[in-house]
Amino acid sequence: MINVTVWHENWQDKQDNVKAVYPNGIHNCIADFLKTDEELNVRTATLDMPECGLADEVLESTDVMLWWGHVKHGEVPDEIAKKVQDRVLRGMGIIFLHSAHFSKPFKLLMGTTCSLCWREGDRERLVNIAPNHPITQGIDKYVELEDEEMYGERFDVPNPDEIVFLGWFAGGEVFRSGCIWNKGLGKVFYFQPGHETNPTFHNPSIQKIITNAVHWINPNTIADEIPCPHAESPEATWNERHPNKQI
Ligand code: ZN
């Protein structure tokens with residue numbers, strides 16, 4: 001089983017225009033489709049919970065985290081953002097969705113401003129440029145989203161290790177919409193679609209991409225710490241370990 005935590009600031013979801021699209025909140029919509037996968041053990045955590053729902057016992061039992069935030073990034077304590085970053089560096093997989101590009105953990109992991117340009121009320125063609133990647137299995141050449149917020153370049157992030165989707169918007173802009181970075185022992189996937197008033201997380205292709213990403217980003221192991229030890233030369237014990245090949 002993969003232990004998945006869906007983190008959400010759960011703030012705009014109390015407004016009518018967001019409730020109309022996500023009556024139980026974006027986090028529960030995401031958790032509900034992930035729960036249909038029997039290999040996933042899914043829970044949610046929100047900003048209004050004690051310690052933002054990310055107490056040590058939650059964080060330390062999470063293999064893959066998903067993060068959606070927008071207007072309340074600043075209310076996540078620095079200490080919690082650092083703990084999330086630290087667990088990624090030790091191996092946890094993390095998926096940042098849409099406006100999470102400005103979240104504290106994403107900025108810490110990237111080390112850049114993570115700025116971009118945006119405009120609400122566009123349509124998007126998400127182009128699958130890595131058809132052999134595990135994240136894109138079962139996805140066509142394009143995913144067309146009738147309503148999605150335009151996110152445009154320049155996206156101020158370090159060059160990704162892999163790009164799996166490019167976004168094209170009807171207004172003319174383009175964007176690196178599905179990016180992967182290796183950070184320490186962990187992997188980071190940024191996926192651009194998912195504006196709060198658009199039904200993006202109800203789209204079966206988007207659900208498939210996110211589910212694929214959870215499986216692919218799941219680490220084999222997560223280290224307790226990343227030590228920086230003084231190293232004895234393995235050659236010092238060669239004769240002991242290879243009695244028939246003395247040097
Ligand atoms: Zn948005």
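Residues numbered from 1 in each chain as written. Predicted model: local features only at pLDDT ≥ 70, side-chain atom pairs only at ≥ 80, totals over all residues. Heavy atoms only, no water.

Trainee: Could you give me a rundown of the pairing of strand S5 (residues 117-128), with the residues and numbers involved?
Mentor: Examined bridge by bridge, S5 and strand S6 (residues 142-152) share eight bridges and lie antiparallel to one another. Of the residues in S6, the one forming a bridge with Arg125 is Glu144. The pairing of S5 with strand S7 (residues 162-169) spans five bridges and is classified as antiparallel. Bridge pairing links Glu124 to Phe169 in S7. (Pairing = 2+ DSSP bridges. Helix = DSSP H or I, 4+ residues; strand = E, 2+ residues; numbered from the N terminus.)

Trainee: Now, about the nonpolar core: what can you tell me, with residues and values included?
Mentor: One finds Leu34, Leu66, Phe189 and Phe201 to be the most contacted residues of the largest nonpolar core, which totals 37 residues. Ignoring anything within four residues of it in the chain, the contact list for Leu66 reads Val4, Thr5, Val6, Trp7, Ile30, Leu34, Ile95, Leu97, Ile210 and Val214. Counting residues in each nonpolar core, the second largest holds 32 residues, with Leu47, Val58, Leu116 and Trp181 among its members. (Core = buried A, V, L, I, M, F, W, Y, C linked by side-chain atoms within 4.5 Å. Buried < 20%, exposed > 50% of the residue type's maximum accessible area, 1.4 Å probe, protein only. Contact = heavy atoms within 4.5 Å.)

Trainee: Describe the pattern of salt bridges, listing the residues and the values that go with them.
Mentor: This model, assessed by the stated rule, comprises 13 salt bridges. The partner of Asp78 in a salt bridge is Lys104, with the nearest N and O atoms 2.6 Å apart. One end of the pair, Asp78, is in helix H4 (residues 78-89); the other, Lys104, is in helix H5 (residues 104-110), and 26 residues separate them in sequence. Using a relative accessible area of 46% as the deciding quantity, one classes Asp78 as partly exposed. A residue is classified by how much of its surface remains accessible, and Lys104, at 22% relative accessible area, is partly exposed. Note that Arg125 is salt-bridged to Glu144, the shortest N-O span being 2.6 Å. Separated by 19 residues along the polypeptide, Arg125 in strand S5 and Glu144 in strand S6 bring together distant segments of the chain. (Salt bridge = Lys/Arg side-chain N within 4 Å of Asp/Glu carboxyl O.)

Trainee: Lay out the coordination of the zinc ion with the relevant residues and their values.
Mentor: Coordination of the zinc ion by the protein is provided by His98 (NE2), Glu149 (OE) and His195 (ND1), with metal-donor distances spanning 2.0 to 2.1 Å. Counting along the primary sequence, the residues that act as donors to the zinc ion give the motif H-x50-E-x45-H. Taken together, the positions of His98 in the loop between strand S4 (93-97) and H5 and Glu149 in strand S6 put the pair 51 residues apart, joining distant regions of the chain. Residue classification places His98 among the buried positions, given a relative accessible area of 0%. (Donors = N, O, S within 2.8 Å, 3.2 Å for Na, K, Ca; no water.)

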